[in-house]
Amino acid sequence: MSKVKFYSRPKVPLEMHKVRIVQKLDLVPIDRRLRALREAGNNTFLLRNRDIFLDMLTDSGVNAMSDRQLAAMMVSDDSYAGSESYSRLEEQIREIFKKEFFLPVHQGRAAENIISRVFVTPGSVVPMNYHFTTSKAHIQVNGGIVEEIIIDEGLKVTSEHPFKGNMDTDKLQEVIEKYGPERIAFVRIETGTNLIGGQPHSLDNIRQVRKICDKHGIMLVFDASLLADNLYFIKEREEGCKNMSIRQITRELSDLFDIIYFSGRKLGCARGGGICTNNREDYIKMRELVTLYEGFLTYGGMSIREIEAMAIGLEETMDENMISQGPQFIEYMVDELEKNGVPVITPAGGLGCHLDARRFLPHVPQTEYPAGALASALYLVSGVRGMERGTISEQRCENGDETLANMELLRLALPRRVFTLSQINYAIDRIIWLYENREQVGGLQFVEEPKILRFFFGKLKTTSSWQGALMDRFKADFRGSL
Ligand code: F0G
């Protein structure tokens, strides 16, 4: 593979918007951060916002809205049935994805619930480039088997591959042969592959996957939650797409899928979700479940204001200037950290900057959760909240053994248009300091461990008194407590 040139732009990313509403932030002293961390059982999900300086937990539902989105929310048409706001969103979906039928849902996992209930049966198989926690859980709850067939390069933490999110088409063939096409419920492609560092797939890869699905009469489903970032990378990195508009790339992609679903908490910078298709029969089957689990067809569990905001947000996603913001700021952060020797996932992807906790904390064994330990240490020394994406995010095997994650990542999400460059520089500064003092960081162990999705509510303690020692070092170096 020839070395791809990712860096054709100026080194300093530019905010292509101006700030007109602000929310005050506090940077509380480190002693209070230590207390907060202990109360939260070293689980960043359980921290309270008042104790957090920069919230890089997720981009979900916390992207900055545009003035046009806020304005649209004021003119929403609130009615149980037949809302004009719904019709406006339906129109927008038709325009962008060229799909005739649209079903609103309250968020992405609700779409996964409905799709899995309709198409997954006990023993059926869903091959996918990579899983997301909720998508896998819904398939498994319905008795399905998940087969992850990402290209080998996708699981390498450092790489120069421009499309680490690609599906391995040879492995797809093998999986279909192994189980037989009739056992495949559908093939799932996740765009901007979340759990391996927001890595994109190419348009060409999807064309290849489609060909194989067509050969065997298999349905192809698109999780488009992280589409904005992936569109940007296709245009930037894929030879054949440089001269295509974002709208054209979206249409080409969309035409390759039978069903598209998304979390509107990510795509479209609002809160909600949706499913679209051109297949009337599938639409009717899923529609029944929307009314059962979500709400009437013309709101699907969403606030009507969010529906208006989503319609505008989706339209704005077709603007290259808008969708470039996330990836360019992430690239800057990844670059600066890499220059200073900090182990990060490369190439820079979407969603956020991902620290490689295995290389950051090589002395912490995987059974002591290096990514979780790094998340708690970084919060302690900076007030920056990230999310563990490693072994804590996995579920134990039936016999109680740990499922060791393929990667131990600390995800520092950059919600779209939220942070300024100086805030990013602050985070970079503290991460570099932590890296220089990494030998101070030790492991974690569970004290409360829920059976399902344990990362949300689990509580952990340190395996030694390393946090106190880290705090002392911090105070000595910074000559203060902030
Ligand atoms: N699919 C992908 C690829 C996601 O990243 C998410 C959510 C979902 C589905 C589920 O959507 O949250 O609206 O129900 N990801 C969030 C995150 C939670 O923080 O990465 P949802």
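Rules behind the numbers
- The residue numbers shown here count from 1 along each chain, following its written sequence.
- Reporting of local features is limited, given that this is a predicted model, to residues whose pLDDT is at least 70; pairs of side-chain atoms are given and counted only at 80 or more, and all residues count toward the totals for whole chains, interfaces and linings.
- Think of the side-chain values as coming from all heavy atoms in the structure, minus any hydrogens and water.
- A run of H or I in DSSP becomes a helix once it reaches four residues, and a run of E becomes a strand once it reaches two; helices and strands are each numbered from the N terminus.
- Each radius of gyration is computed over the set of C-alpha atoms, and the globule rule expresses the reference value as 2.2 Å times the number of residues to the power 0.38.
- Relative accessibility thresholds used throughout: buried, under 20% of the residue-type maximum; exposed, over 50%; partly exposed, between the two (1.4 Å probe, protein chains only).
- Note on definitions: a residue-residue contact is assigned when non-hydrogen atoms from the two residues lie within 4.5 Å.
- Every case where a carboxyl oxygen of Asp or Glu lies within 4 Å of a side-chain nitrogen of Lys or Arg is listed as a salt bridge.
- Think of a 1 Å grid over just the protein atoms. A cavity is a set of points where a 1.4 Å probe fits yet cannot get out, a pocket is an open set with protein on both sides within 12 Å along at least five of seven lines, and lining residues have an atom within 4 Å of a point.
- Grid points are joined across faces, edges and corners, and a volume is the space filled by probe spheres set on the points.
- Each residue is assigned to one of three groups, with Ala, Val, Leu, Ile, Met, Phe, Trp, Tyr, Cys and Pro labelled nonpolar, Asp, Glu, Lys and Arg labelled charged, and all others, Gly among them, labelled polar.
- At least two bridges found by DSSP between two strands is the condition for calling them paired.
- Axes here refer to lines fitted to C-alpha atoms; in helices the fit is confined to the stretch in contact. Angles between the N-to-C directions go from 0 to 180 degrees.
- Roughly parallel here means an angle under 35 degrees, roughly antiparallel means over 145, roughly perpendicular means 65 to 115, and every remaining angle is called oblique.
- If you view the pair so one helix is near and one far, a crossing is left-handed when the near helix is turned anticlockwise from the far one by less than a right angle, and right-handed when it is turned clockwise.

A few words on the overall build of the protein chain. Regarding its fold elements, the protein chain presents 17 helices and 14 strands. The C-alpha atoms of the protein chain give 22 Å as radius of gyration, which agrees with the globular expectation for 482 residues (23 Å, within 12%). Put simply, the protein chain has 482 residues, and 61% of those count as buried. Across the protein chain, the fraction of contacts at a sequence separation of at least 24, relative to all contacts at a separation of at least 6, is 74%.

One pass over the structure, following the stated rule, counts 38 salt bridges. Here Glu-95 ties to Arg-247 by a salt bridge, and the two come within 3.1 Å at their closest N and O atoms. Taken together, the residues Glu-95 in helix α3 (residues 84-97) and Arg-247 in helix α9 (residues 246-255) connect sequence positions 152 residues apart. A salt bridge links Arg-454 to Glu-402, with the nearest nitrogen and oxygen atoms 2.8 Å apart. In this pair, Arg-454 sits in helix α16 (residues 454-457) while Glu-402 sits in the loop between β11 (387-389) and β12 (409-413), placing the two residues 52 residues apart along the sequence. By sharing partners, the salt bridges in this structure join Asp-59, Asp-229, Lys-266 and Arg-416 into a single network.

The calculated volume of the largest pocket comes to roughly 1,400 Å³. Taken together, 39 residues form the lining of the largest pocket, with Ile-21, Ala-64, Met-65, Arg-417 and Val-418 sitting closest to its centre. Of all the secondary structure elements, the ones that give two or more residues to the lining of the largest pocket are α2 (67-74) and α12 (320-339). Per-class residue counts for the lining of the largest pocket are 15 nonpolar, 11 polar and 13 charged.

Further remarks concern the environment of Thr-291. Position of Thr-291 among the secondary structure elements: in helix α10 (residues 280-294). C-alpha separation for the pair Thr-291 and Gly-301, spaced 10 residues apart in sequence, amounts to 9.2 Å.

Counting buried positions along strand β8 (residues 273-277) yields 5 of 5 residues, so the element is predominantly enclosed. Burial of the side chains of β8 extends over both faces: Gly-273, Ile-275 and Thr-277 are buried on one face and Gly-274 and Cys-276 on the other. Bridge count for strand β2 (residues 101-105) against β8 is 5 bridges, and the pairing is antiparallel. Each residue of the ladder has a partner; that of Phe-101, found in β8, is Thr-277. Summarising the sheet, strand β7 (residues 259-263) and β8 pair through 5 bridges and their orientation is antiparallel.

What follows deals with the packing of helix α15 (residues 421-436) against helix α17 (residues 466-478). Relative orientation of the contacting elements α15 and α17 amounts to 120 degrees, with a least axis distance of 12 Å. What the angle tells us is that α15 and α17 run oblique. Crossing handedness for the pair α15 and α17: right-handed. Across the interface between the two elements, Arg-430, Trp-433 and Leu-434 of α15 pack against Leu-470, Arg-473, Phe-474, Asp-477 and Phe-478 of α17. For the contact of α15 with α17, the residue count by class is 5 nonpolar, no polar and 3 charged.

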